[in-house]
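Summary of structural features
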Amino acid sequence: MSDTVPVLSHVEEYLKLAQEYNVSDVHIAPLAQPKWRRFGLLQPIWENADILTPEDTERLARGYLPEPELRRLEERGDVDFAYAPEIGRFRASVVKTRLGWEMVFRVISTQLRTMEELGLPEAIKPLLEYHNGLVLVTGAVGSGKSTTLAALINYINEQRNDHIITLEDPIEYVVGSKNCHVNQREVHTHTDSFAQALRAALREDPDIIMVGEMRDLETISLAITAAETGHLVLATLHTGSAARTLDRILDVFPTEQREQIRIMVGESLRGVVSQQLVPRKDGTGRELALELLVNTPAVSSIIRDGKTFMLPGVMQTGKNVGMIMMDDALAKLYHDGLITKDEALGRAIDRSTLRANLGA
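Let us look at the structure shown here. (Residues numbered from 1 in each chain as written. Predicted model: local features only at pLDDT ≥ 70, side-chain atom pairs only at ≥ 80, totals over all residues. Heavy atoms only, no water.)

**Structural notes on the sheet that holds strand β8 (residues 163-168)**
As summarised here, the arrangement of the seven strands in space is β9-β8-β10-β11-β7-β12-β13, forming an open sheet in which the pairing is mixed. A strand with exactly one partner marks an edge of an open sheet, and here the two such strands are β9 (181-186) and β13 (286-294). Strand-to-strand, the axes of this sheet are offset by a mean angle of 15°, without reference to chain direction. As judged from the four bridges shared by β8 and strand β10 (residues 208-211), these two strands associate in the parallel manner. Of the residues in β10, the one forming a bridge with Leu-167 is Val-211. (Pairing = 2+ DSSP bridges. Helix = DSSP H or I, 4+ residues; strand = E, 2+ residues; numbered from the N terminus. Axes fitted to C-alpha atoms, helices over the stretch in contact; angles between N-to-C directions.)

Structure below.
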């Protein structure tokens, strides 16, 4: 009799386990054991699991892929969509690789969490009271941007009486209308692209627009225009700090447009939330390390002049308006005994200064 764990018959069996064990991602790939990412660490679900064959992974993929997604996978070689069986919601990605079909699932908590539950600072709330402007949530893939954004939208939904349009790829958290009227649109399902959806959104009388990802010149340009023309725009970018975020936005534009864009961003930016999820020292989860830039006259002047290298200095002196620097957040987590010195230093913006702060 074999002591190994056989390949399960349907992907939902793996996903059910992932929910039970507080897992963020599930990986099902050919010529490998089934793996999951738990508390930031990628590891086999079972040490004695059978190796998946290319036939196994294709069978598992075909067993759950809806017809339109299967067709798109055959045509393009990859597909991303929200998968919502009875057991919960997942962000599903299937790609064709050299070895066969590979799947990754992100487990989405269906429970919308509040800003307080996530430990988000109070200084973010005033940014959500504006009727126009740009609020950016940034960080690497898997740093909890979608969860933070959903909490911000949830807060607005409870505090204001407005029209919220969310543009996502795919829709992760389902947000029901409370005091606001909420419309959620999914790229590839309800519209072809973020840019197309954003252009349409401007004609739908929105007060707040949430853009799941600003990934190209057209989308970034439309988002800045929307922020300037009387809409509060919340959006994400894959950048690690406030300074890098602003550089990334400006660098997307042709040189001859940059001066104008600097002026527009300097005026319309409300704040930048940059975050990381850091594995806890005790191995029981992850802690949020968060940087917050609030747009003050000094910050606005730096953006207009293109001197983003001066932002850390201004943020250092801007703590009275709620600004938080990433290295200070990491140092606090270390001094509170929640993360290791290596984790803090490995994620620092200015490693030598943080090393001195940690007494390393």
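**Some points on unusual backbone geometry**
Look at the link from Asp-169 to Pro-170: it is a cis peptide, with omega at -10°. Here Pro-170 lies in the loop between β8 and β9. Although it is not a glycine, Asp-205 adopts a positive phi angle of roughly 55°. Asp-205 gets classed as exposed once you look at its relative accessible area, which sits at 63%. (Buried < 20%, exposed > 50% of the residue type's maximum accessible area, 1.4 Å probe, protein only.)

**Considerations on the pairing of strand β2 (residues 35-38)**
Within a regular strand, the side chains alternate between the two sheet faces. In this sheet, β2 lies alongside strand β1 (residues 25-28) in antiparallel orientation, the contact comprising three bridges. Note that in β2 the partner of His-27 across the bridge is Lys-35. Between the antiparallel neighbours β1 and β2 lie six residues, among them Leu-31 with a positive phi of about 60°. If you look at the hairpin formed by β2 and strand β3 (residues 41-44), you'll find two residues sitting between the two strands, and Phe-39 has a positive phi there, around 55°.

**Observations concerning the nonpolar core**
In terms of nonpolar packing, the biggest core is built from 73 residues, with Leu-136, Met-214, Ile-224, Leu-234, Ile-249, Leu-269 and Leu-293 touching the most fellow members. Here the element with the most residues in this core is helix α5 (residues 145-159); it accounts for seven residues. Excluding anything up to four places from it in sequence, Leu-293 contacts Ala-242, Leu-246, Leu-269, Arg-270, Gly-271, Val-272, Val-299, Leu-311, Met-315 and Met-323. (Core = buried A, V, L, I, M, F, W, Y, C linked by side-chain atoms within 4.5 Å. Contact = heavy atoms within 4.5 Å.)

**What about the environment of Gly-119?**
Relative to the helices and strands, Gly-119 is located in the loop between α4 (115-118) and β7 (133-138). As for Gly-119 and Val-273, which are separated by 154 residues in sequence, their C-alpha atoms are 13 Å apart.

**Observations regarding empty space enclosed by the protein**
Scanning the entire structure with this criterion turns up one cavity of 30 Å³ or more. A volume near 30 Å³ is recorded for the largest cavity. Lining the largest cavity we find Glu-69, Arg-72, Asp-80, Phe-81, Asp-169, Pro-170, Glu-186, Val-187, His-188 and Thr-189. Taken together, the elements giving at least two residues each to the lining of the largest cavity come down to α3 (67-76) and β4 (78-83). Each residue belonging to the lining of the largest cavity can be placed in one class, and the counts come to three nonpolar, two polar and five charged. (1 Å grid on protein atoms, 1.4 Å probe; cavity = no way out; pocket = protein on both sides within 12 Å on 5 of 7 lines; lining within 4 Å. Points joined across faces, edges and corners; volume = space filled by probe spheres on them. Nonpolar A, V, L, I, M, F, W, Y, C, P; charged D, E, K, R; others polar.)

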